[in-house]
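# Chain and residue survey
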Amino acid sequence: MDIANKKIYYPGKSALHLEWPTEQSVNYSVVIHFDEEQESNEVKYQLRITRLKHVDKGQALFQIERISDVFINETLPDLIADRLAYATGKVFYPLVISVDHNGGFRNIYNYNEIFNRWPSVKNKVLNDFEGDLVEDYLLKMERQLSNQDKLQLAFLNHDWFLHTFFRPIYKEYGRNHTMENTYKFPIVRDFKIEGYQTVEQLSTETNDFGGIELLHTGKILSVDDEYFGDKITGTYEGYYLLHPKSKRIVSLFSSVTYNEAVKTSVKIKISIIPDGDQEFDHDFVLDTNVDRLPVSDMVILDGSSRKGFWERLFNK
């Protein structure tokens, strides 16, 4: 059944619950675009995410693996600092994290494995690089790896993928399908702002090809007094497209701005990589809606043209 260009209404659904089977893996592409003054940089890579078996009650585990090289502005890293960061960063993968019952990132679960991988990664770096810069870089990395709290803080302060993909979106949204929350992002690393006050709006019907949409709109809550001077401003926008059955993320787009002396912005695009020649929505067909009525009785045609893959995926 081709449900592209159709809408499936599901009234009354006001909560999201993730139904990701254990041992199931999904591949994603990640594109992160950084803008600051006149400088722009783009980072691209691909990941495989696997839901692992529960170990502790109430603690969901996910394994994250890099399945591609990391490209900076469409090329492999060429500057020595970028190459070092890429080479030493391999120690973190596979990365296993725990998330809370709402799907939010909690902590790094496999710290001991990461720590024990370091000697072999370090030896390879020493074989491939030389110079004082390399020695200094390795020392800084070892200091970070030697303390689990420091490593945890580093991921909280720098990892845009974890902040964006593992956001606490699986929860009750209330009668109006709307709630407010305050989120923090790696773009801000001091105490000048409390976060981005965000309105989260869950769609009450599936979109043109059967996905569930979640919209985030936020702005900075800043500390505004004479000590800090001018008020800091900034915005956050997020668009999540979720699988209608599993509620797994199919694609998302996030944009965060921060304006103080200099305007900084970060845009993130994450999308599922379908298996083989399948379409991303090949298994979107629902058997029943939330009221247990056959979906076939509720489908409404919404046009006849079929958009391209990326155009459909990001609803453009």
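Provided above is the structure to which this section pertains.
Right, let's walk through the structure included here. (Residues numbered from 1 in each chain as written. Predicted model: local features only at pLDDT ≥ 70, side-chain atom pairs only at ≥ 80, totals over all residues. Heavy atoms only, no water.)

## Overview of unusual backbone geometry
Following Tyr93, the chain continues to Pro94 via a peptide bond in cis, the omega torsion being 0 degrees. Summarising the element assignment, Pro94 is placed in the loop between helix H1 (80-89) and strand E6 (95-99). A positive phi angle, close to 55 degrees, is found at Asn73, a residue other than glycine. Here Asn73 is to be found in the loop between strand E5 (71-72) and H1. Phi at His177 takes a positive value of approximately 60 degrees, unusual for a residue other than glycine. Among the secondary structure elements, His177 is positioned in the loop between helix H5 (160-165) and strand E8 (178-183). For His177, a relative accessible area of 9% gives the class buried. (Helix = DSSP H or I, 4+ residues; strand = E, 2+ residues; numbered from the N terminus. Buried < 20%, exposed > 50% of the residue type's maximum accessible area, 1.4 Å probe, protein only.)

## Observations regarding the packing of H1 against helix H3 (residues 132-145)
Where H1 contacts H3, the two axes come as close as 11 Å, and the packing angle between them is 40 degrees. The angle between H1 and H3 falls in the class oblique. Crossing geometry of H1 relative to H3 is assigned as right-handed. Taking contact as the criterion, the partners of Ile80, Leu84, Ala85 and Thr88 in H1 are, on H3, Leu133, Val134, Tyr137, Leu138 and Met141. (Axes fitted to C-alpha atoms, helices over the stretch in contact; angles between N-to-C directions. Parallel < 35°, antiparallel > 145°, perpendicular 65-115°, else oblique. Left-handed = near helix turned anticlockwise from the far one by under 90°. Contact = heavy atoms within 4.5 Å.)

## Focus on the pairing of E6
With five of five residues buried, E6 is to be regarded as a mostly interior element. Side chains Leu95, Ile97 and Val99 of E6 all project onto a buried face; the interleaved residues Val96 and Ser98 project onto the opposite face, where all are buried too. Alignment of strand E4 (residues 60-66) against E6, held across five bridges, turns out to be antiparallel. Among the inter-strand pairings, Ala60 is bridged to a residue of E6, identified as Val99. Pairing between E6 and strand E7 (residues 105-108): three bridges, direction antiparallel. Counterpart to Ser98 in the pairing with E7 is Asn107. (Pairing = 2+ DSSP bridges.)

## Observations concerning the side chain of Thr50
Tracing the backbone through its elements, the reader meets Thr50 in strand E3 (residues 39-51). Polar contacts involving the side chain of Thr50 include one to the side chain of Ser25, which spans 2.6 Å. (Polar contact = N/O pair within 3.5 Å; in protein donor to acceptor, adjacent residues only side chain to side chain.)

Distances and angles like these do not, on their own, reveal function.
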